[in-house]
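# Structural overview for review
Below, each chain spelled out in residue letters.
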Amino acid sequence: MSVVDIREAITQAHHEEWARVVAALTKRFGDLDIAEEATAEAFATAVERWPADGVPPNPGAWLTTTANRKAIDRIRRESKRDGKQKEAQMVYDHEPPEPLGAIDDERLRLIFTCCHPALAMETRMALTLRMVGGLTMPEIARAFLVQEATMGQRITRAKAKIKAARIPYRVPSAEDLPARVSGVLAVLFLVFNEGYLATGPDTDPVRHDLTAEAIRLTRLIRALMPEDGEVAGLLALMLLTEARRPARVSASGELVTLDEQDRGSWDAALIAEGHRLVRERLAAGVAPGRYQVLAAINAVHTSARDIRDTDWSQIVALYDQLVRLDPSPIIALNRAIAVAELDGPEVALATVDQLEDKLAGYHAYHATRADLLRRLGRSQESRAAYDKAIELAGNTAETAYLTRRRDQLG
């Protein structure tokens, strides 16, 4: 096996095993810092040793064993330094296991720990992206539009708070679940979005490992809370979005926008499941939440056989409903894109321009302006907007698409 093949094997192992190893160590040692650092050290050891020794038959077991040893070594060092005598309790786990929740999944327990209400919402999201999703600090910082150092401080403080407050590592009880699940859904949505269009320039433009894990965990939560409309809505939204993934990036590595995608390559089974969930929520007769409305918007998109068949008036009406639930500037931007199809680019541009103060650092804002200006024949302004979007975009597929569109301007 070549060094390149081994590096790919380590990368694949990171995608598949990071959260599992962190969760296993958190369960055993009860400390997120120890779990994360020991896992990181295990992967660093793999980078050093696998090229010389070869990839082990069971990479996941090798990483878990190595991470456990790293954690024990750290505990021993700390025990000697501060005089504490807890090593035997940590190293030899003879205590009976705690009762399991409705779903026995260590990563799900890790998510609920990271999403505890004692933490601020953005901190919960960032911590889960790091601990469960295995995203790097730059990727998480880009997801929140903040500096890397700021995000690092948030995560450090969050882990310290979990430790100081003795936040338990478990799935909440049935009576606590409804209040706790909204934060978990927000996290899973972020993990899914990072996978569907990765923000990092050095990663695959579409990370199926992250989208698959977000869907898997959302299915688990749906099994735990089958009557929760927002859980069903988020699952439907993910499925309808994931269904379009095969058409999302061209063979040359360029982003393919919705209007240019080969709809015949969409996953029909995922679309059918997503549509069924949307219909079930409509039939429930309960006022929908944010994820249910987003799922309904995607259901309209995936119902059209051709972009020209899209019911834009229905999509704008759904966005009007969504704005009342979530008056964020990004939702307003997405609504404007739909308005451009219904009322024309000039009307949409007037709305988009009002969002500049809030979205000046967001590449999609400039990409949207560039497209609207292009459609209005304002090529010079469009080129400047494309330049800004390219400067801010981190995804290689999106950068390639924006560059091509800019270069097509007269």
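Remember, it's a predicted structure, so these values are computed and weren't measured experimentally.

Along the chain, the position of Asn-298 falls in helix α13 (residues 290-303). C-alpha separation for the pair Asn-298 and Ile-315, spaced 17 residues apart in sequence, amounts to 8.8 Å. Once residues within four sequence positions are removed from consideration, Asn-298 is found in contact with Leu-237, Leu-240, Thr-241 and Arg-244. Polar contacts involving the side chain of Asn-298 include one to the main-chain carbonyl oxygen of Leu-294, which spans 3.0 Å.

The full count for this structure, using the stated rule, is one cavity of 30 Å³ or more. By volume, the largest cavity amounts to about 50 Å³. Along the walls of the largest cavity sit Ile-111, Thr-128, Val-132, Gly-133, Leu-188, Val-191, Glu-213, Ala-214 and Leu-217, which together make up its complete lining. Secondary-structure elements contributing two or more residues to the lining of the largest cavity are α9 (177-196) and α10 (208-224).

Within helix α5 (residues 106-114), eight of the nine residues are buried, which leaves it mostly tucked inside the rest of the structure. Turning to α5, its buried residues are Arg-107, Leu-108, Arg-109, Leu-110, Ile-111, Phe-112, Thr-113 and Cys-114.

A separate point is the environment of Thr-218. Relative to the elements of secondary structure, Thr-218 occurs in helix α10. Sequence separation between Thr-218 and Leu-235 is 17 residues; the distance between their C-alpha atoms is 6.1 Å. With residues near it in sequence (within four places) discarded, Thr-218 still touches Leu-188, Val-231, Leu-234, Leu-235 and Met-238.

Attention now goes to the packing of aromatic side chains. Overall, the coordinates contain four aromatic pairs when judged by the stated rule. Where Phe-189 meets Tyr-291, the ring centres are 5.5 Å apart and the plane angle is 85 degrees; that geometry is what we call edge-to-face. With Phe-189 in helix α9 and Tyr-291 in helix α13, this residue pair connects regions lying 102 residues apart in the sequence. Here Phe-189 matches Tyr-291 in class, with each residue buried. Ring plane angle 10 degrees and centroid distance 6.1 Å describe the contact between Phe-192 and Tyr-196, whose orientation is recorded as stacked. One end of the pair is Phe-192 and the other is Tyr-196, both in helix α9 and four residues apart, which spans about a single turn. According to the relative accessible area criterion, Phe-192 is buried, its value standing at 1%. Here Tyr-196 falls in the buried class, since its relative accessible area comes to 7%.

With that settled, the discussion passes to unusual backbone geometry. Residue Arg-166 is not a glycine yet carries a positive backbone phi of 55 degrees. Relative to the elements of secondary structure, Arg-166 occurs in the loop between α8 (148-164) and α9.

This paragraph deals with α9. For α9, built from 20 residues, the straight-helix expectation of 28 Å at 1.5 Å per residue is met to within 8% by its first-to-last C-alpha distance of 27 Å. With respect to burial, α9 is a largely interior element, 16 of its 20 residues being buried.

Here is what the cut-offs are and how they apply
Residues numbered from 1 in each chain as written. Predicted model: local features only at pLDDT ≥ 70, side-chain atom pairs only at ≥ 80, totals over all residues. Heavy atoms only, no water. Helix = DSSP H or I, 4+ residues; strand = E, 2+ residues; numbered from the N terminus. Contact = heavy atoms within 4.5 Å. Polar contact = N/O pair within 3.5 Å; in protein donor to acceptor, adjacent residues only side chain to side chain. 1 Å grid on protein atoms, 1.4 Å probe; cavity = no way out; pocket = protein on both sides within 12 Å on 5 of 7 lines; lining within 4 Å. Points joined across faces, edges and corners; volume = space filled by probe spheres on them. Buried < 20%, exposed > 50% of the residue type's maximum accessible area, 1.4 Å probe, protein only. Phe/Tyr/Trp six-rings, centres within 6.5 Å; stacked < 30°, edge-to-face > 60°. Expected span 1.5 Å × (residues − 1).

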